[in-house]
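Structure assessment
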Amino acid sequence: MDTQTITSYAYDWHSLPPALLFAGNRHDVAEHATSLLQSLWCTAKKNTACTRCSTCTRIAQRQWHGLTWVSPQKGYTLDDLDGVTRAISFALDPDEHHFFVLENADALSPACANSLLKSVEEPPAGYHFIFLCERPDGILPTIRSRSTLIRLAHATVSCSQLEILSYFQECGNYEGYAHFVRALETAAVTERECADIVDALINAWSERYKEAIVQHNEEGAAQARHALALLRTSLSHQLMPGSAKLFLKNLFLQFHA
Ligand SMILES: [Zn+2]
């Protein structure tokens with residue numbers, strides 16, 4: 001599985017992988033999927049999108065004939081995927097293309113994911129999949145292993161989030177719990193922001209881990225490994241509405257135990 005950070009759309013019809021997995025915040029991944037599709041179909045400009053022509057407009061409105069955009073309100077049901085199953089049973093003309101974009105792909109149940117597997121693995125000629133998710137860890141391995149993962153550069157973290165982040169720069173004994181709790185009150189972090197914070201921390205600690213390995217800094221590598229283990233374990237618990245503060249407090253206590 002390739003991992004790459006998106007810089008531009010280097011894809012054309014011939015280099016497209018059968019399935020792409022965009023990970024990033026909800027709004028960004030949808031926007032990137034839209035502009036990738038526009039850059040492929042727009043005939044006004046080469047390898048980029050004018051965003052204004054009727055093709056670009058129809059893609060943005062998800063009214064384009066070559067696009068099935070699935071955006072379930074809550075979790076996925078097999079009914080939500082009916083459109084996909086129906087569309088894919090038709091053979092396309094040569095040079096014709098059709099995209100399935102599945103939002104919130106982290107919400108695909110095993111049954112739903114299984115119903116897509118064969119199509120994702122060997123899509124009939126001209127069919128392509130784009131899965132959108134906030135975090136690739138939430139994607140079922142069966143889908144994830146068949147998709148090319150593209151992590152979108154992370155949305156800017158706000159100042160108050162930065163302050164929270166600063167408490168997780170070190171792992172180990174630390175006396176500042178009261179300060180941290182105060183910072184948490186001021187920041188009023190939502191569940192979404194909380195997920196962003198954990199993502200940002202995972203990125204930062206992964207970098208530090210790589211750096212420590214390069215520098216043969218065993219102590220640093222061990223600390224980073226420990227931090228990453230705590231962060232990843234924390235992600236396995238569902239973040240309930242209203243539980244962001246509690247989540248971060250627990251994480252703090254584990255980090256500085
Ligand atoms: Zn255009």
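Quick caveat, the model's predicted, so the values are computed rather than measured. Counting from 1, residues in each chain are numbered in the order their sequence is written. This being a predicted model, a pLDDT of at least 70 is required before a residue's local features are given, and a value of 80 or more before pairs of side-chain atoms are given or counted; all residues contribute to the totals for chains, interfaces and linings. Values shown for side chains rest on all heavy atoms present in the structure; no hydrogens or waters enter the calculation.

1. Description of the coordination of the zinc ion
For Na, K and Ca the donor cut-off is 3.2 Å; for every other metal, N, O and S atoms count as donors within 2.8 Å. Water does not enter the count, which can leave sites looking incomplete. Around the zinc ion, the protein contributes the donor atoms Cys42 (SG), Cys50 (SG), Cys53 (SG) and Cys56 (SG), at 2.2 to 2.3 Å from the metal centre. Geometry at the zinc ion is tetrahedral, judged from the four donor atoms that bind it and their angles of 103 to 120° at the metal. Sequence spacing of the donor residues for the zinc ion, all on one chain, is C-x7-C-x2-C-x2-C. Within this pair, whereas cysteine 42 is found in the loop between helix H1 (26-41) and helix H2 (54-60), its partner cysteine 53 is found in the loop between H1 and H2, the two being separated by eleven residues in sequence. Donor angles set the geometry label: tetrahedral for four donors if every angle is between 85 and 135 degrees, square planar for four and octahedral for six if opposite donors exceed 155 degrees and the others are between 65 and 115, irregular for anything else. Counting from the N terminus, the helices are the DSSP runs of H or I reaching at least four residues and the strands are the DSSP runs of E reaching at least two.

2. Observations concerning the packing of aromatic side chains
Working definition: a ring pair exists when centres of Phe, Tyr or Trp rings (six-membered ring for Trp) sit within 6.5 Å. Plane angles under 30 degrees give stacked, over 60 give edge-to-face, the rest tilted. Tallied over the entire structure, the rule returns 15 aromatic pairs. One aromatic cluster is present, built from ring pairs that chain together Tyr167, Phe168, Tyr174, Tyr177, Phe180, Trp205, Phe252 and Phe255. For a lysine, the NZ atom is tested; for an arginine, the CZ atom; a charge sits over a ring if that atom is within 6 Å of the ring centre and within 35 degrees of the ring normal. Lying across the ring of tryptophan 69, arginine 62 places its NZ or CZ 3.8 Å from the centre. One cation-aromatic arrangement involves arginine 208 over tryptophan 205; the distance from NZ or CZ to the ring centre is 4.0 Å.

3. So, the environment of phenylalanine 22
By the element assignment, phenylalanine 22 lies in strand E2 (residues 19-23). Remark: the alpha-carbon pair of phenylalanine 22 and glutamate 134, spanning 112 residues in sequence, is separated by 8.2 Å. Excluding residues that lie within four positions of it along the chain, phenylalanine 22 makes contacts with Val29, His32, Ala33, Leu36, Ile130, Phe131, Leu132, Cys133 and Ile150. What makes two residues a contact is simply this: any of their non-hydrogen atoms within 4.5 Å.

4. As for the packing of helix H7 (residues 177-187) against helix H10 (residues 244-255)
Angle between the axes and distance between the axes: these two values describe a pair of packed helices. Here the axes come from fitting lines to C-alpha atoms, over the contacting stretch only for helices, and the angles between their N-to-C directions go from 0 to 180 degrees. One can describe the packing of H7 onto H10 by two numbers: an axis separation of 11 Å at closest approach and a directional angle of 155°. One finds that H7 runs roughly antiparallel with respect to H10. Crossing handedness for the pair H7 and H10: right-handed. Judged by residue contacts, Tyr177, Phe180, Val181, Leu184 and Glu185 of H7 engage Lys245, Leu248, Lys249, Phe252 and Leu253 from H10. A class-by-class count of the residues in the contact of H7 with H10 yields seven nonpolar, no polar and three charged. Roughly parallel means an angle under 35 degrees; roughly antiparallel means over 145; roughly perpendicular covers 65 to 115; every other angle is labelled oblique. Crossing handedness is defined as follows: a turn of the near helix away from the far one that is anticlockwise and smaller than a right angle gives a left-handed crossing, while the clockwise case is right-handed. Three classes are used, and their members are as follows: Ala, Val, Leu, Ile, Met, Phe, Trp, Tyr, Cys and Pro are nonpolar, Asp, Glu, Lys and Arg are charged, and the others, Gly among them, are polar.

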